[in-house]
Amino acid sequence: MQPGVITYGGFLGTDKRDFTQIIADDEKTLENAGKTAEEIANRLEYFQQLSFDAFETSTVVEDKYEVETEVVRGYLPCPFNHQGIYRKSYTTITNLNSGKSFIFSALNIHLIRAHHFFEGKKSHFRLEPDELARELF
Ligand SMILES: [Zn+2]
């Protein structure tokens, strides 16, 4: 991955850091939380798949998480000059014990797995790696 190839400013939000710095900082945070980007991506994909299976209704997973996915027409491209396009679907996971919710798209899973990118602060789909590590395992 080369610096400067990100194509959509919207992924950075109001973050003034270069995206390579955002990724480096989030990797440090994840390391402190004892999780890898791969583990987080796998976990998000697991929840997303279960909610696809439930089809347009919410489902409770592991007696602790409520999961729902809204599928929208169209696809989202990866902003890192990648070939991939990702289904436009928005999954909401709520940890029923803490009340904490996360919303993410299929593209977020790819960005985390392939690029270790959780997006910039205040971007619409920013996910805090330490919160994911704490709330979803
Ligand atoms: Zn990509």
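Just above sits the structure.
Remember, predicted model here, so these are calculated numbers, not experimental data.

Caption draft 1: Looking closely at the sheet that holds strand 3 (residues 85-95). Within the open sheet, the four strands sit side by side as 1-2-3-4. Their pairing is antiparallel. At either end of the open sheet lies a strand with only one pairing partner, and these are strand 1 (59-61) and strand 4 (101-105). Strand-to-strand twist in this sheet, taken as the mean axis angle between neighbours without regard to direction, amounts to 30°. With three bridges joining them, strand 1 and strand 2 (residues 65-77) adopt antiparallel strand pairing. In the strand pairing of strand 2, Val61 is matched with Tyr65. Docked against the sheet, helix 2 (residues 37-54) engages strand 1, strand 2, strand 3 and strand 4, running at close to 90° with respect to strand 2.

Caption draft 2: Just the coordination of the zinc ion, in detail. At the metal site, the zinc ion is ligated by Cys78 (SG), His82 (ND1), His110 (NE2) and His115 (NE2), and these contacts range over 2.0 to 2.2 Å. One can describe the site at the zinc ion as tetrahedral: its four donor atoms subtend angles covering 95 to 122° at the metal. The class for His115 is buried, based on a relative accessible area of 8%.

Caption draft 3: Expanded view of the packing of helix 2 against helix 3 (residues 106-115). The geometry of helix 2 relative to helix 3 is characterised by a closest axis approach of 8 Å and an angle of 160° between their N-to-C directions. Overall, the two elements helix 2 and helix 3 adopt an arrangement that is roughly antiparallel. Here helix 2 and helix 3 pass one another in a crossing that is left-handed. Contact residues: Ala37, Glu38, Ile40, Ala41, Asn42, Leu44, Glu45 and Gln48 in helix 2; Ala106, Ile109, Ile112 and Arg113 in helix 3. Partitioned by chemical class, the residues of the contact of helix 2 with helix 3 number seven nonpolar, two polar and three charged.

Caption draft 4: Representation of the nonpolar core in the model. Ile40, Leu44, Ile93, Ile112, Leu127, Leu132 and Leu136 are the most contacted members of the largest nonpolar core, which totals 19 residues. Within the residue set of this core, elements represented by two or more residues are helix 2, strand 2, strand 4, helix 3 and helix 4 (129-135). When neighbours within four sequence positions are excluded, Leu127 is seen to be in contact with Leu44, Phe102, Ile103, Phe104, Asn108, Ile112, Phe118 and Leu132. The next biggest cluster of nonpolar side chains, apart from the first, holds 13 residues, and it includes Leu12, Leu76, Tyr86 and Ala106.

Caption draft 5: The arrangement of the pattern of salt bridges in detail. Tallied over the entire structure, the rule returns ten salt bridges. Across the pair Lys121 and Glu128 runs a salt bridge, and its minimum N-O distance is 3.3 Å. Within the structure, one salt-bridge network assembled from shared partners comprises Asp26, Lys121, Arg126 and Glu128.

The rules behind these values
Counting of residues starts from 1 at the beginning of each chain's written sequence and follows it residue by residue. Given that this is a predicted model, residues contribute local features only at a pLDDT of at least 70 and side-chain atom pairs are listed and counted only at 80 or more, while totals for whole chains, interfaces and linings are drawn from all residues. For the side-chain quantities, the full set of heavy atoms in the structure was used; hydrogens and water were omitted. Any two strands between which DSSP finds at least two bridges are classified as paired. The helix count covers DSSP runs of H or I at least four residues long, the strand count covers runs of E at least two residues long, and both are numbered beginning at the N terminus. Lines fitted to the C-alpha atoms define the axes, with helices restricted to the stretch that makes contact. Angles between their N-to-C directions range from 0 to 180 degrees. Contacts are assigned to residue pairs with any non-hydrogen atoms lying within 4.5 Å of each other. Keep in mind that water is not among the atoms, so a site may look incomplete; donors are the N, O and S atoms within 2.8 Å of the metal, or 3.2 Å for Na, K and Ca. Every angle between 85 and 135 degrees makes a four-donor site tetrahedral, while opposite donors more than 155 degrees apart, with all other angles between 65 and 115, make a four-donor site square planar and a six-donor site octahedral; other sites are irregular. Buried means the residue's accessible area, taken with a 1.4 Å probe over protein chains only, is under 20% of the maximum for its type, while exposed means over 50%, and partly exposed covers the values in between. Angle categories: roughly parallel below 35 degrees, roughly antiparallel above 145, roughly perpendicular from 65 to 115, and oblique for all the rest. It is the rotation of the near helix from the far one that decides the hand of a crossing: anticlockwise by less than a right angle makes it left-handed, clockwise makes it right-handed. As a working rule, the residues Ala, Val, Leu, Ile, Met, Phe, Trp, Tyr, Cys and Pro are called nonpolar, Asp, Glu, Lys and Arg charged, and the rest polar, with Gly in that last group. Remark: nonpolar core denotes a set of buried residues (Ala, Val, Leu, Ile, Met, Phe, Trp, Tyr, Cys) joined through side-chain atoms within 4.5 Å. Think of a salt bridge as a Lys or Arg side-chain nitrogen and an Asp or Glu carboxyl oxygen that are within 4 Å of each other.

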